Amino acid sequence: MSQFWKPGSDRPRAALLDDEEGGVLFFSTPSADYGYSNHEKQRQRLPVFKYRTSILYLVENHATTIIVGETGSGKTTQIPQYLKEAGWAAGGRVIACTQPRRLAVQSVASRVAEEMGVKLGEEVGYTIRFEDLTNPGVTMVKFLTDGVLLREMMNDPLLTKYSVIMVDEAHERSLSTDMLLGLLKKIQRRRRDLRLIISSATIDAKSLSSFFHTSRKRHGEAGDACEPKMLPAILSVEGRGYDVRIHYLEEPTSDYLQAAVSTVIAIHDQEPTGDILVFLTGQDDIDAAVQLITEEAQNLRRNSSGLIVLPLYSGLSRSDQDLIFSPTPKGKRKVVISTNIAETSLTLEGVVFVVDSGFSKQRFYNPVSDIENLVVAPISKASARQRAGRAGRVRPGKCYRLYTEEYFVKEMPAEGIPEMQRSNLAPCVIQLKALGIDNILGFDWPASPAPEAMVRALEVLYSLGILDADAKLTSPTGFQVAEIPLDPMISKMILSASLLGCSEEIITIAAILSIQSIWVSVRGAQKELDEAKLRFAVAEGDHVTYLNIYKGFLHSGKSSQWCHKNFINYQAMKKVVEIREQLNKIVQRLGIVLKSCEGDTQVVRKAITAGFFAHACRLEAFGQGGSYKTIRSSQEVYIHPSSVLFRVNPKWVIYHSLVSTDRHYMCNVISINPSWLIEAAPHFYQQQKPNPAAF
């Protein structure tokens, strides 16, 4: 195990943490005790219960109520129920509660339906991208992601069916949350009957209050005594946290993954009962840690059967989620290895020990180079406090930080950077344009985006033919792209495919690109995985390889055994089939008739080029080991080892995304003919290369 400072030692002084983050408290009770009266007792024990009357009074009398709810206060599960009980869902109206993450939406909705004694999808439902479990006319409490609510504005700009909208976990400052807050502020001016609840753990309530406070009244309404007060109300709800002792590393570690694994094993050996929550960066790290912990426990001949090691990330299947939230069996210890999704969006009851790697995966977009990287970056002090607080739910806990106290005090940033200030804003601009907001630069944002990022977004959308010279949505392309809930480049690829006669193939590719990965990576079985890929691989590249995999999956009768044999993630392929069906409905609604190119992979690659021409790269003639240069910004990039074109190195390629580690790696790559670039985007490449004949 890594060396930590022990609480009570002289250097550094042991730190006690005030638990100050919010979330959902999932109680575990014996199944025989489940029943309405039992749930009712649990509900009344939650700290938020004594504020029930105050919350309902403030919502009645103020247009906006800001609720700062500490750990385990129960705000997420209880406030929507209080609103429903008070009649805010009467007369066909709906109460909405948004979450930044899909997994949180599903688990919270499931819990609230259980507490209310109703079937999920009836009175209580949820909607996430490509999945709608609601019943119009019946659903009264609806949980959904911020992004889904933004898309609902396309058809109903004033969100007229909602009486109250609760924006939960607002402190996460996701791109969709900030956009939603700006738009809800506009809607409030037109809908004085709408109530907003902004709920969070650590948000600066005063700055949010200033953002929503507007004295402007609509013409003719100044004397209406029934109007709610426009000055937002602020309510703080205490949590129920216990003290958490912090242990720091004595020396920095070069391998946080191995340090996390050895810390878990040591906790299991030396500490009394209690579940362990480990924070790592992403699915690859998590899968590796699950395997390493299991192997290490077995190799050391310990009773590894006492450990239940479970992964937690957003792409999990419903059955895997249920394992995470189920009570830990007697005599066992659950180890949940999670991304930062468990910081606030979800609460795991029973956790006593937290292992914090100090890192998370974050998107950072550079508008100058036009590269969006998903990078492993240090977390902020606010995140570190959130993570540690997870250990103080059921009794005093311990948090093992895989970094030094000196680093925490002197170098770790206080707050994270809002996603709005580190993201590609193209999808955001399309949505605002589709909602009729033309003055994007004058839009009221909670955090102003970088002007360079906004200019670049407008440039890219213009080059794709989505915006015209006046920065208005083009017809029909721009409006059609706005209807498809995907990255604009993928949407443009789908529209181009309908003209080229390969839309059947392209929506399959689009569905697969919506999934993090369809491959199963098994530690120590890289050779077998590579051999499995070769069974489907084609010289044209990854996208066409995916078509072969999808075809094989259907041909096998959607068999899990077939997936297992070929190192393919069965749950991911089931999701691909679902997403493809949803995309099928969307494109048909847009009047696109699906056609197959019957194996003509050239038109498939041309359609991909039409959407991703800005991601074209050329092999460097004298480059080091297969280096490419992007045509647009002359950035040095390499084909990712997971690609079927790794080491093949075609002269011209297009990539779907870049990932940065020691180098910029292109993921999901196809080979192209450079003449297709001029064909797809003459305006774009003439600017870059004044002499197109040079191609």
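The structure presented is a predicted model; accordingly, all values stated were derived computationally and were not measured.

A.B. asks: Is there a simple way to explain the overall build of the chain in this structure?
C.D. replies: A tally of helices and strands in the chain yields 24 helices and 22 strands. For the chain, the proportion of its 695 residues judged to be buried stands at 56%. Contacts spanning at least 24 positions in sequence make up 74% of the contacts within the chain whose residues lie at least 6 apart. Summed over all atoms, the accessible surface of the chain reaches about 29300 Å², with 49% contributed by carbon and sulfur.

A.B. asks: I would appreciate a short explanation of the pairing of strand β22 (residues 664-671) in the present structure.
C.D. replies: Along any regular strand, the residues point their side chains to alternate faces of the sheet. The buried fraction of β22 amounts to seven of the eight residues, a majority that puts the element mostly inside the structure. As paired elements, strand β20 (residues 636-639) and β22 share two bridges and run parallel to each other. Bridge pairing in β22 places Tyr638 opposite Tyr665. Linking two consecutive strands that pair antiparallel, namely strand β21 (residues 652-660) and β22, is a turn of three residues.

A.B. asks: I would appreciate a short explanation of helix α8 (residues 256-270) in the present structure.
C.D. replies: In a regular helix each residue adds 1.5 Å, so 15 residues correspond to 21 Å; α8 covers 21 Å between its end C-alpha atoms and thus fits that length. The buried fraction of α8 is high, at 11 of 15 residues. Inspection of α8 places Tyr256, Leu257, Ala259, Ala260, Val261, Ser262, Thr263, Val264, Ile265, Ala266 and Ile267 among the buried residues, and these make up the whole buried set. Capping of α8 at its N-terminal end is provided by Asp255; its side-chain oxygen lies 3.2 Å from the backbone amide nitrogen of Leu257.

A.B. asks: Even after reading the chapter, I still don't get unusual backbone geometry, so can you show me in this structure?
C.D. replies: A negative phi angle characterises most non-glycine residues, just as the trans form characterises most peptide bonds. For the bond running from Ser475 to Pro476, omega is 5°, close enough to zero to count as cis. The backbone of Glu169 sits at a positive phi, close to 55°, despite the residue not being glycine. Within the secondary structure, Glu169 sits in the loop between β7 (162-167) and α6 (175-190). Of note, Ser634 is a non-glycine position whose phi angle comes to about 55°, a positive value. Examined against the element boundaries, Ser634 turns out to sit in the loop between β19 (627-630) and β20.

A.B. asks: What exactly am I supposed to notice about the environment of Lys533 here?
C.D. replies: Within the secondary structure, Lys533 is located in helix α18 (residues 526-536). With 12 residues separating them in the primary sequence, Lys533 and Thr545 have C-alpha atoms 8.6 Å apart. When residues no more than four places from it in sequence are discounted, the contact partners of Lys533 are Trp519 and Ser642.

A.B. asks: Looking at this model, I keep getting lost on the packing of α6 against helix α7 (residues 205-212). Mind explaining?
C.D. replies: The geometry of a pair of packed helices is captured by two quantities: the angle between their axes and the separation between those axes. Direction vectors running N to C along α6 and α7 enclose 45°, while the axes themselves pass 10 Å from each other. The angle between the axes of α6 and α7 places the two elements in the oblique class. For the pair formed by α6 and α7, the contact residues are Leu181, Gly182, Lys185 and Gln188 on the first element and Leu208, Phe211 and Phe212 on the second. Along the lines of polarity and charge, the residues of the contact of α6 with α7 split into four nonpolar, two polar and one charged.

A.B. asks: Whenever I open this one, the pairing of strand β2 (residues 64-69) confuses me. Can you help?
C.D. replies: The buried fraction of β2 is high, at six of six residues. In terms of strand pairing, β2 meets strand β8 (residues 195-200) through five bridges, oriented parallel. In the sheet register, Thr65 faces β8, and the bridge partner there is Ile197. Bridge analysis of β2 against strand β9 (residues 233-237) gives five bridges, and the strand direction is parallel. Each bridged residue has a counterpart across the sheet, and for Ile67 the counterpart in β9 is Leu235.

A.B. asks: What's the story with the packing of aromatic side chains in this structure? I'm lost.
C.D. replies: Ring pairs (aromatic) are described by centroid distance and by the angle formed between their planes. For the coordinates displayed, the defined rule picks out 10 aromatic pairs. Judged by centre distance (4.6 Å) and plane angle (75°), the rings of Phe443 and Trp445 are edge-to-face. Looking at Trp445, the relative accessible area reads 9%, which means it is buried. When the centroid spacing of 6.3 Å and the interplanar angle of 45° are considered together, the rings of Phe553 and Trp562 count as tilted. With respect to class, Phe553 is no different from Trp562; both count as buried. What links up through ring pairs into an aromatic cluster is the set Tyr248, Tyr403, Tyr407 and Phe408. The ring of Phe211 has Lys185 lying over it, and the distance from NZ or CZ to the ring centre is 4.4 Å. Across from the ring centre of Phe364, 5.4 Å away, lies the NZ or CZ of Arg422, which sits over that ring.

A.B. asks: Before we go on, may I ask you to explain the sheet that holds β20 in this structure?
C.D. replies: Strand pairing in a sheet relies on backbone hydrogen bonds, with the paired strands running either antiparallel or parallel. One closed barrel accounts for five strands, arranged β18-β19-β20-β22-β21; its pairing is mixed. Averaged over all adjacent pairs, the angle separating strand axes in this sheet is 50°, with direction ignored. Where β21 lies against β22, seven bridges are found, and the strand directions are antiparallel. Within β22, the position partnered with Val653 by the bridge is Ser671. Lying on the sheet, helix α19 (residues 542-555) is in contact with β21 and β22; it crosses β22 at an angle near 65°. Across the face of the sheet, helix α22 (residues 601-612) comes into contact with β18 (616-619), β21 and β22 while running at roughly 55° to β21.

About the thresholds
- Residues numbered from 1 in each chain as written.
- Predicted model: local features only at pLDDT ≥ 70, side-chain atom pairs only at ≥ 80, totals over all residues.
- Heavy atoms only, no water.
- Helix = DSSP H or I, 4+ residues; strand = E, 2+ residues; numbered from the N terminus.
- Buried < 20%, exposed > 50% of the residue type's maximum accessible area, 1.4 Å probe, protein only.
- Contact = heavy atoms within 4.5 Å.
- Areas by Shrake-Rupley, 256 points an atom, 1.4 Å probe, with all protein chains shown as cover.
- Pairing = 2+ DSSP bridges.
- Expected span 1.5 Å × (residues − 1).
- Polar contact = N/O pair within 3.5 Å; in protein donor to acceptor, adjacent residues only side chain to side chain.
- Axes fitted to C-alpha atoms, helices over the stretch in contact; angles between N-to-C directions.
- Parallel < 35°, antiparallel > 145°, perpendicular 65-115°, else oblique.
- Nonpolar A, V, L, I, M, F, W, Y, C, P; charged D, E, K, R; others polar.
- Phe/Tyr/Trp six-rings, centres within 6.5 Å; stacked < 30°, edge-to-face > 60°.
- Lys NZ or Arg CZ within 6 Å of the ring centre and 35° of its normal.

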